[in-house]
Amino acid sequence: MKKILIFILTLLVATSCSEKKAKYVFLFIGDGMGFSHVAVTEAFKAVEKGEIGSEPLTFSQFPVMGMATTYSASNFITRSSAAGTALSAGTKTRNGMLGVTPDTTGITAISYKFHDLGRKVGIISNVTIDHATPGAFYAHNPSRSDYYAIAKELPETGFEFFGGGGFAKPLGKEDSERSIYEIVAEKGYTVSYGMEDYLAQKESAEKIIMLQDKGKENNILPYMKDVKEGDLTLAQVVDAAIKFLENEKGFFIMAEGGKIDWAAHSNDLANTIFETLDFDAAVEVAYKFYQQHPDETLIVVTADHETGGITLGSKTGYNFDLTIIKEIFDDIKKGENKEEVESGETPDVFSYMSEKEVISYVSDKANIGWTTMSHTGGAVPVFAIGAGSSLFSGRMDNTEIPKKICEAAGIKF
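Residues numbered from 1 in each chain as written. Predicted model: local features only at pLDDT ≥ 70, side-chain atom pairs only at ≥ 80, totals over all residues. Heavy atoms only, no water.

**As for the overall build of the chain**
Step number 1: Scanning the chain from terminus to terminus reveals 15 helices and 14 strands.
Step number 2: A globule of 413 residues ought to have a C-alpha radius of gyration of about 22 Å, and the chain, at 22 Å, matches this closely.
Step number 3: Along the longest, intermediate and shortest principal axes, the C-alpha atoms of the chain span 75 × 65 × 45 Å.
Step number 4: Looking at the chain as a whole, 55% of its 413 residues qualify as buried.
Step number 5: Partitioning the contacts of the chain with sequence separation of at least 6, the portion at a separation of at least 24 is 72%.
Step number 6: Within the structure as shown, the chain displays about 17,700 Å² of accessible surface, and the carbon and sulfur contribution to it stands at 51%.
Step number 7: Both charge centroids of the chain, one from 40 positive and one from 57 negative side chains, sit 8 Å from each other. (Helix = DSSP H or I, 4+ residues; strand = E, 2+ residues; numbered from the N terminus. Rg over C-alpha atoms; globule rule 2.2 N^0.38 Å. Buried < 20%, exposed > 50% of the residue type's maximum accessible area, 1.4 Å probe, protein only. Contact = heavy atoms within 4.5 Å. Areas by Shrake-Rupley, 256 points an atom, 1.4 Å probe, with all protein chains shown as cover. Lys, Arg positive; Asp, Glu negative; His and termini not counted. Charge placed at Lys NZ, Arg CZ, Asp CG, Glu CD.)

**A closer look at the packing of helix α2 (residues 35-48) against helix α11 (residues 269-292)**
Step number 1: Here α2 crosses α11 at 90 degrees, and the two axes come no closer than 9 Å. With respect to α11, the element α2 is oriented roughly perpendicular. Contacts from H37, V40, T41, F44 and K45 of α2 reach α11 at L269, T272, I273, F274, T276 and L277.
Step number 2: Here the residues of the contact of α2 with α11 sort into six nonpolar, four polar and one charged. (Axes fitted to C-alpha atoms, helices over the stretch in contact; angles between N-to-C directions. Parallel < 35°, antiparallel > 145°, perpendicular 65-115°, else oblique. Nonpolar A, V, L, I, M, F, W, Y, C, P; charged D, E, K, R; others polar.)

**Some points on the nonpolar core**
Step number 1: Counting 114 residues, the largest nonpolar core has F28, F161, L269, F274 and I325 as the members making the most contacts within it.
Step number 2: The biggest single contributor to this core is α11, with 12 residues.
Step number 3: Discounting residues that sit within four places of it in the chain, I325 has contacts with F44, L269, A270, I273, F274 and V362. (Core = buried A, V, L, I, M, F, W, Y, C linked by side-chain atoms within 4.5 Å.)

**Comments concerning the packing of aromatic side chains**
Step number 1: On inspection of all chains with the given rule, the structure shows 23 aromatic pairs.
Step number 2: Between F59 and F383 the ring centres are 5.3 Å apart and the planes differ by 55 degrees, which places this aromatic pair in the tilted class. With F59 in the loop between α2 and β2 (64-69) and F383 in strand β13 (residues 380-386), this pair connects stretches of sequence that are 324 residues apart.
Step number 3: Owing to a relative accessible area of 0%, F59 belongs among the buried residues under this scheme. (Phe/Tyr/Trp six-rings, centres within 6.5 Å; stacked < 30°, edge-to-face > 60°.)

**Considerations on unusual backbone geometry**
Step number 1: The backbone phi angle of D175 is positive, close to 55 degrees, even though this residue is not glycine.
Step number 2: A positive phi is found at N267, a non-glycine position, where the angle reads about 55 degrees.
Step number 3: Here N267 shows up in the loop between α10 (259-265) and α11.

Encoded structure:
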């Protein structure tokens, strides 16, 4: 019996040692995306098929699932900057602080650890690239609102790819500083505007920032429901990053779906669902890459916190009805009048309503509730697939996620 046990233990150790380390790592952060955001989006997908049920997203089918606590060093309910710091550097900090400890000492994000070992790095968001979550992966500031100072740290990183949103305050708080776009160009970054310009410049660029086409709002990507021909999407930017960064040593890509949070802050049910779908489409791009490199790729999908306190069923009756969201979605796909789309009725019926009233009507009609227009303190989901994904099973704190990513990649934290 003893010999059998020794044999089994030896086999387990050998198997563990032979497991490949993650060469290509994706960390997707659905800003504000709690368990209920995922659940209501999956319910919507079932409604699209005319069914009562739950149709899985790409990432909710990953074989490993866990949950992460999100409290900050100062509050039970975190802000995005503190949560981003926990996810990027494995350290709790105070709400409002970014990339620093509570005493304002700068800390090193895992993006730097990957880069120091010769792995290329991409930082992506569909909101501004100096916002809290993406900023946590390259910047250090006692205030996450100091956008200009945060942006000035970006070109100092040498990270090869930034994409999606641009800069919140490119000329500083008073529009009196030197343009961030000039600074990044001086530091060797090629700035491209739109897909056509990106494709024309990417071969000659060593480091690139990929933004919306000029003439469009190039500091953010549009909400999924507002995407027009020629607009960049989060999925397109992730795909571009993969192709730009792929190399023999590997890469690290962080991609944020920032507008899940924005929609939930407004208690906007339709956009919360649509932005979760948009986020999932970006994860699907990475999943297709994983299918080509299954033994060398790790994909982790999580959130920084939950926003809105969404409830599937706000009144008694054991039901909720997402038919109105399907009507909105169908009309978007047909390109019909947006006022009619957002109300789910003829425009003249709701001509007296403000946008806020229309948003409230949609949730009420669907019997979906909200407890707040801010963040909540609940745990968030963690989904994983690929090399080292078993590390992400079960209960964990958000500070453990970057440590587990480094372990999976064979990098000392």
